[in-house]
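Per-entry structural report
Below, each chain spelled out in residue letters.
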Amino acid sequence: MLLCRLAENAYWMGRYLERAEDLARAILAYEQVRLDIPGQRAPGWQRLAALAGVEPGEADALDPTAFVVRVILDRKNPSSLLGSLQAARENLRRSRSLLPSECWHTLNPLYLRLAALDPAAPPAELREALEGVLASNRELAGHVTAGMLRDAGYAFLRMGTHVERADMMLRVATIVADTLIPPGHGTPFEDVRWMGLLKSVGAYGTYRHRYHAATGFRSALELLLYERTFPRSLAHAIQEIERDLAGLPGNADAAAAFAACRPTRAVETRSALARFADEVLARISQASAVLERTYFSSAPPSPEDGRARHVAHKRHAPAVETRAIGEHQKRRGADA
Amino acid sequence: MLWKSYSSETFDELLTADGRPRPAAKAIGDYISRLGADELRSRQRAATAEIRAEGITFVVSDGRGNLDREWPFDVIPRVIDSQEWARVDRGLQQRLEALNLFIGDLYGQQQVVKDGILPREVLATSRFFLPACVGMRPRHGVWAHICGSDLVRDADGSLYVLEDNLRVPSGVSYMLENRSISKRVFPELFRDEGIKPVDGYSSRLYALLVSLAPEGVSEPNVVLLTPGVGNSAYFEHCYLAQQMGIELVEGSDLVVRDDRVYARTIAGLQPVDVIYRRVGDDFLDPEVFNPESLIGCRGLVRAWRAGNVALANAPGAGVADDKLVYSYVPDLIRYYLGEDAIIPNVPTFRLFDENQRREVVADLRRFVVKPANESGGYGVVVGSKASDAEIEACRASIEADPRNFVAQPIVHLSTAPTLCDEGIAPRHLDLRPFVLSGAETYVTRGGLTRVALRRGSLVVNSSQGGGSKDTFIVEQTGGG
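Just so it is clear, the structure is predicted and the values come from calculations on it, not from any experiment.

Rules and cut-offs
All residue numbers refer to position in the chain's written sequence, counted from 1. The naming scheme follows written order: chains are lettered A onward, ligands numbered 1 onward. Local features in this predicted model are restricted to residues of pLDDT 70 or higher, and side-chain atom pairs are both shown and tallied only at a pLDDT of 80 or more, whereas totals for entire chains, interfaces and linings draw on every residue. Each side-chain value is worked out from all heavy atoms of the structure, with water and hydrogens disregarded. Counting from the N terminus, the helices are the DSSP runs of H or I reaching at least four residues and the strands are the DSSP runs of E reaching at least two. The buried label applies to any residue whose accessible area, calculated with a 1.4 Å probe on protein chains only, is under 20% of its type's maximum; exposed applies above 50%, and partly exposed to all values in between. The protein chains shown are the only cover counted for residues, whose accessible areas, like all others here, come from Shrake-Rupley with a 1.4 Å probe. None of His or the chain ends enter the tally, which takes Lys and Arg as positive and Asp and Glu as negative. Note that the charge is assigned to NZ on lysines, CZ on arginines, CG on aspartates and CD on glutamates. What makes two strands pair is DSSP finding at least two bridges between them. Basic side-chain nitrogens of Lys or Arg form a salt bridge, by our definition, when they fall within 4 Å of a carboxyl oxygen of Asp or Glu.

Regarding its fold elements, chain B presents 14 helices and 22 strands. C-alpha atoms of chain B, sized along the principal axes, occupy 70 × 60 × 50 Å. Across the 480 residues of chain B, 60% fall into the buried class. Accessible surface computed for chain B: about 18,600 Å², of which carbon and sulfur atoms make up 47%. Separation between the mean location of the 54 positive side-chain charges and that of the 65 negative ones in chain B comes to 2 Å.

Here it is, written out as structure tokens:
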């Protein structure tokens, strides 16, 4: 038996972990690009900040990196990297019994390390911390792969991971396409920017391996959107969600909703990419709403609910609802 | 020598008045002394790091919000001789046997009131007597399945029961975690010093819960009901659920239909047969108790009364941990079992009795005054430490509602050496053993030792700056 709430916890833990990883990777890639492009020409950091849920002010333009790092480490902002890790940790705390015990031993120290990090730390230290997020996430994935029952809890965890991966991949890709890839040819640093795009979604090595030295819009999109054997592609994510759904009871509506997210149409131009991404993002969001309604909706949302926070981050407004009475009862409602 | 400059003003658990380890503590005291202060500090750091990484926490509220604090643990263990413990074990079994008979009596014939042992007015004014429970006869005749009784040792070295927690006692997970940390930081000690193991609690608890299943249910679905992540003992709820391999549920995960309890799962509603509930009576069921409750489950008591679900502890068990009722426990033991209490109570003044009240109010500084129906150390006034204003406020509260307070002479709680900023210093402590009652009774080996970390303080509650120690029950092996 899998409680609806545990399914929900596992799902949101998957989402938040993936989000933390994707943010870490995007920032690392962005910093790489920035180092290769001198002076004020490094574009796109505002978009990066938006990805973490905050619109920057005028003053932040002077030191974009400091701003981004501050946003990353803002624990009050549930869509920041730290906020995501915190939410993942909370969801894990409420569903520890579902996952191998090593997961807590990996996630908890990771969160504590990052929470203790000084936003003014030198770049090398920040980079190390972000790389730590990627490494710990791989470790967590290892614990899950090696030690978790292939049951419904596993399916929800994976669906969370893949929904977020698809969502973030589309967001990062459109941001990068929009800002880092200029129209036309012969723009300086074009290669650097391409590498930035690919690295920011963890596709650089695979891309090089498959397409060698060539960089091109179409081949990159081929890989990122349609290549089902590539584990970070949109097509792969949707395919895995559909597989995990297939084993669950009462899955007809959710399965139909995710089937509608399969990337089918070819995307030829930059503006077509933006339209395509918007459309697929909307479908994914709709499909995940169906999923939530099907499996989670029987429990009313509580203040600690990962769901309340996540909705907040998608709206880019960290308004976490509190219910004073409920809170008080949870503290004092029991125990001597 | 590490113990050279150490001296306690009261009974010390580890050392005699002349600074030598007590017989049962000899090997352990010598071992720690050999380690030296620096090494001890480094082991303390290792223990703290372990607690951090494991996420062993408890939640405290600072008025603005909840803080998830790391569990405070002192590496120097507290040692109790196994022979003394055997007596405590028997004493607690005796106590719980009497208490369960008493609770059953109150919700049945009330013979104890008819025979004049417990005054009718005490029962009539009991906050935790629940009329909804009258006539219920839970399996094994047991109401308080899980009990945590607090033991203290006075300056003369005798142990007393300070209070019984019969509703939702917490702390057993910390007892178990303390041991697992001790084993990591002092592996050498556990090889041959005769320290009794503490494990096995979780499997005994699970067996007890299974034994409570309603008639005809052979493979009961057992769950642990928690108020949620904001509760001070949430860590413990997770820990126990995980150890027993049962689901940790919140009120909103449960639903009652036709007097049956179900859990909401992704495959629909699944029946629940036994609930280890860590939600207090007040909040358990808005239908019967606090109608504002958001953390309970509507209809739970109906289902329990219908015999379709077992609740541990049973609702209403708290009637016996009213601190005024506590003062009658030695009488109750005599009444129900025909025996003298093996572990005495701390002398307790009943303030509704005018003579006793007059004696206490005249000299409040000599007493500890406690609200009869609180827990967690809330509302306790220690006369010797209170300000004049606090004493006056206390006097006023007693006069306004004498039934709701008891007073006890201040117990000079025993100490044990504790690693503090200023070095190794004596700190006061108590002990909470846990008792499981079902078809048979089981007492943990030792319990949770709680330490008042502030110098001179007598308040050991973790919510108020208390820490903890591992508790070693040690078998003396002749030559030592």
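All names here are of chain B. The element strand β21 (residues 448-452) is largely enclosed, with a buried count of five among its five residues. Residues of β21 alternate between two faces, with Leu448, Arg450 and Ala452 on one and Thr449 and Val451 on the opposite face, all of them buried. Bridge count between strand β18 (residues 423-432) and β21: four bridges; the pairing is antiparallel. In the strand pairing of β21, arginine 432 is matched with leucine 448. By the bridge criterion, four bridges tie β21 to strand β22 (residues 466-474) in an arrangement that is antiparallel. Looking at β22, one finds that arginine 450 is bridged to serine 468.

Residue and element names in this part refer to chain B. In spatial order, the strands read β13-β16-β14-β15; together these four strands make up an open sheet with antiparallel pairing. A single partner strand is all that each edge strand has here, and the edge strands are β13 (349-350) and β15 (381-382). Taken together, the two bridges between β13 and strand β16 (residues 405-409) define a ladder with antiparallel strand orientation. In the strand pairing of β16, arginine 350 is matched with valine 406.

The next point concerns the pattern of salt bridges. Residue and element names in this part refer to chain A. Under the definition given, this model contains 58 salt bridges over all chains. Between arginine 25 and glutamate 21 there is a salt bridge, with its nearest N and O atoms 2.8 Å apart. Residue arginine 25 and its partner glutamate 21 are both found in helix α1 (residues 4-36); the two are separated by four residues, about one turn of the helix. Residue classification places arginine 25 among the buried positions, given a relative accessible area of 14%. On the basis of relative accessibility, which here comes to 2%, the residue glutamate 21 falls in the buried class. Glutamate 21 serves as the salt-bridge partner of arginine 232, at 3.6 Å between the closest nitrogen and oxygen. On the criterion of sequence distance, the pair formed by arginine 232 in the loop between α10 (217-226) and α11 (234-246) and glutamate 21 in helix α1 is long-range, its members being 211 residues apart. With respect to burial, arginine 232 and glutamate 21 carry one shared label: buried. Here the salt bridges do not stand alone but share partners, grouping Glu18, Glu21, Asp22, Arg25, Arg138, Arg165 and Arg232 into one network.

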